[in-house]
Amino acid sequence: THQLEIRNLHASVGDQPILKGINLVVPRGELHAIMGPNGNGKSTLAKVLVGDPEYTVTEGEVLVDGQNILEMEPDERARLGLFLAFQYPVEIPGVTIANFLRLALQARKPEGEEVSFTEFYGKLQKALAILEWDESIVERYLNEGFSGGEKKRNEILQMLMLEPTYIIMDETDSGLDVDALKIVAKGVNSLRGENLGGLIITHYQRLLNYIVPDRVHIIVDGRVVQTGGPELAQRLDAEGYDWVKELAGA
Ligand code: ADP
Ligand code: MG
Ligand code: MG
């Protein structure tokens, strides 16, 4: 079974429960949107999926292609093909984008197998072309002095280089202008197909005009309260979140 399956997932920060029984199945080949009002657990879900130690899973399972990942370290999860695009990307002083990408690709290889220069450079050229980015960018230090748009583009560059099987994108649209949004979407859409599944987490419908999701799930108070097609995102855009909060009894 090639799918990301979340079963009855409960998670807390300290002793405060935040996720209260999330159930979701995302077949590989599909991108699902996660929407919902602010402060209801969307980012917590993303962080739990990649293994952020600040969150404690108290119940439930997360299966990636049938393997429970909750006991795995973040880098093991990454090697399984899970990729998280962060809401707030990190700066790593003194590391160029080129170095970083090279290391990230190497980390995904089985032990003893080298990333060849030809493989690296070939992938890089292709990815930069999709992102309409000049090659000189890879000599810059990772995220240092980058604009919001450049940081996002750099995340998508990482994604294109690593060719993940499941992506988790959290609020990738926040603070982006339409041109940057279109480039991000172009990158994600270029990976779409039967080998890619994942979650696109967003409060607003805007990004979903460009990355049209196969399904949309709404999270309120740590649970999925509604699931539908792309039209559900349109409805939220038009009507806001009041009606879903009522559904949740909030
Ligand atoms: P969303 O992404 O839907 O806006 P979050 O998952 O970021 O929501 O947050 C859900 C709730 O959990 C909020 O009440 C938030 O304050 C709380 N929360 C999330 N992460 C932490 C944390 N690291 N420490 C304390 N509270 C947190
Ligand atoms: Mg938030
Ligand atoms: Mg959030």
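See the structure printed just above.
First, a word on what this report is: a plain description of the structure on this page. Along every chain, residues carry numbers that run from 1 in the direction the sequence is written. Chains and ligands are labelled sequentially in the order written, the chains with letters from A and the ligands with numbers from 1. With the structure being a predicted model, the display of local features is reserved for residues of pLDDT at least 70 and the display and counting of side-chain atom pairs for 80 or more, all residues being used for whole-chain, interface and lining totals. Excluded from the side-chain calculations are hydrogens and water; all other atoms, namely the structure's heavy atoms, are used.

A word on the packing of aromatic side chains. Stacked, tilted and edge-to-face pairs are distinguished by plane angle, under 30 degrees for stacked and over 60 for edge-to-face with tilted covering the rest, among Phe, Tyr and Trp rings (Trp via its six-membered ring) whose centres lie within 6.5 Å. Using the criterion set out here, one finds 1 aromatic pair in the structure. An angle of 15° between the planes, with centres 5.4 Å apart, marks the rings of F117 and Y121 as stacked. Of this pair, F117 and Y121 both sit in helix α4 (residues 117-130), 4 residues apart, roughly one helical turn. Since its relative accessible area comes to 30%, Y121 is described here as partly exposed. Two thresholds decide whether a charge sits over a ring: the Lys NZ or Arg CZ must be within 6 Å of the ring centre and within 35 degrees of the ring normal. Above the ring of F120, the side-chain terminus of R102 is found at 5.2 Å from the ring centroid. For the cation-ring pair, R235 lies above W243, with the distance from its terminal atom to the ring centre recorded as 3.6 Å. Helix and strand definitions follow DSSP, with helices as H or I runs of at least four residues and strands as E runs of at least two, each counted in order from the N terminus. Only protein chains enter the area calculation, which uses a 1.4 Å probe; residues under 20% of their type maximum are buried, those over 50% are exposed, and those in between are partly exposed.

Attention now goes to the sheet that holds strand β4 (residues 56-64). Two strands qualify as a pair provided that DSSP identifies no fewer than 2 bridges between them. Pairing in this open sheet of 4 strands is antiparallel, and the strands run β2-β1-β4-β5 from one edge to the other. Two strands in the sheet have a free side with no partner beyond their single neighbour: β2 (16-27) and β5 (67-68). Note: strand β1 (residues 3-13) against β2, 9 bridges, orientation antiparallel. Residue pairing across strands places L4 opposite V26, the latter belonging to β2.

Looking now at the site of ligand 1. Taken together, V13, I18, P37, N38, G39, N40, G41, K42, S43, T44, E54 and Y55 make up the full set of residues near ligand 1. One of the backbone nitrogen or oxygen atoms of N40 is found 3.1 Å away from an oxygen atom of ligand 1. Burial of ligand 1 by the surrounding chains reaches 65%, relative to a free accessible area of 560 Å². By residue number, the principal contributor to the shell around ligand 1 is helix α1 (residues 42-50), which donates 3 residues. The residue inventory of the shell around ligand 1, partitioned by class, reads 4 nonpolar, 6 polar and 2 charged. When at least one non-hydrogen atom of a residue lies within 4 Å of a molecule or strand, that residue is treated as near it. Pairs of N or O atoms are called polar contacts if they sit within 3.5 Å, as long as, within protein, a hydrogen donor faces a hydrogen acceptor (for residues adjacent in sequence, only side-chain-to-side-chain pairs). In these tables, accessible area is a Shrake-Rupley quantity obtained with a 1.4 Å probe, and a residue counts as shielded only by the protein chains included in the view. Residues are sorted three ways: Asp, Glu, Lys and Arg are charged, Ala, Val, Leu, Ile, Met, Phe, Trp, Tyr, Cys and Pro are nonpolar, and all the rest, Gly among them, are polar.

Further remarks concern the side chain of T96. Mapping T96 onto the fold places it in the loop between β6 (82-85) and α3 (97-107). Among the polar contacts made by the side chain of T96, one reaches the main-chain amide nitrogen of N99 at a distance of 3.1 Å. Any pair of residues with heavy atoms lying within 4.5 Å of one another is described as a contacting pair. Setting aside residues no more than four positions away along its own chain, T96 makes contact with V138, E139, R140, Y141 and L142.

Extensive coverage of strand β3 (residues 31-35) is indicated by the burial of 5 of its 5 residues. The two faces of β3 match: L31, A33 and M35 on one face and H32 and I34 on the other face are all buried. Two elements, β3 and strand β8 (residues 197-201), share 4 bridges in a ladder whose sense is parallel. For A33, the partnering residue across the bridge sits in β8 and is I200.

So, about the pattern of salt bridges. Each salt bridge in this description consists of a side-chain nitrogen of Lys or Arg and a carboxyl oxygen of Asp or Glu lying within 4 Å of one another. Applying the stated criterion to the full structure yields 13 salt bridges. The salt bridge involving K109 is made with E113; its shortest N-O contact spans 3.7 Å. Accessibility expressed as a relative area gives 21% for K109, which makes it partly exposed. Across the salt bridge formed by K123 and E119, the nearest N and O atoms sit 3.9 Å from each other. You can see K123 and its partner E119 sitting in helix α4, 4 residues apart, about one turn around the helix. A relative accessible area of 23% means that K123 is categorised as partly exposed.

What follows concerns α1. In terms of burial, α1 is a largely internal element, 7 of the 9 residues being buried. Residues of α1 that are buried: K42, T44, L45, A46, V48, L49 and V50. In the segment just after α1, G51 is the residue with positive phi, at about 90°.

Right, let's talk about the side chain of H10 for a bit. By the secondary structure assignment, H10 is in strand β1. Side-chain polar atoms of H10 contact the backbone oxygen of N8, separated by 3.1 Å. The residues contacting H10, other than those within four sequence positions of it, are L19, K20, G21, T56, V57, T58 and E59.

Now for unusual backbone geometry. Positive phi values are uncommon outside glycine, yet E132 reaches one of about 55°. Structurally, the position occupied by E132 is in the loop between α4 and α5 (148-162). Residue classification places E132 among the exposed residues on the basis of a relative accessible area of 52%. Backbone geometry at D221 places phi at a positive 50°, although glycine is not the residue there. The residue D221 is located in the loop between β9 (215-220) and β10 (223-228) in this model.

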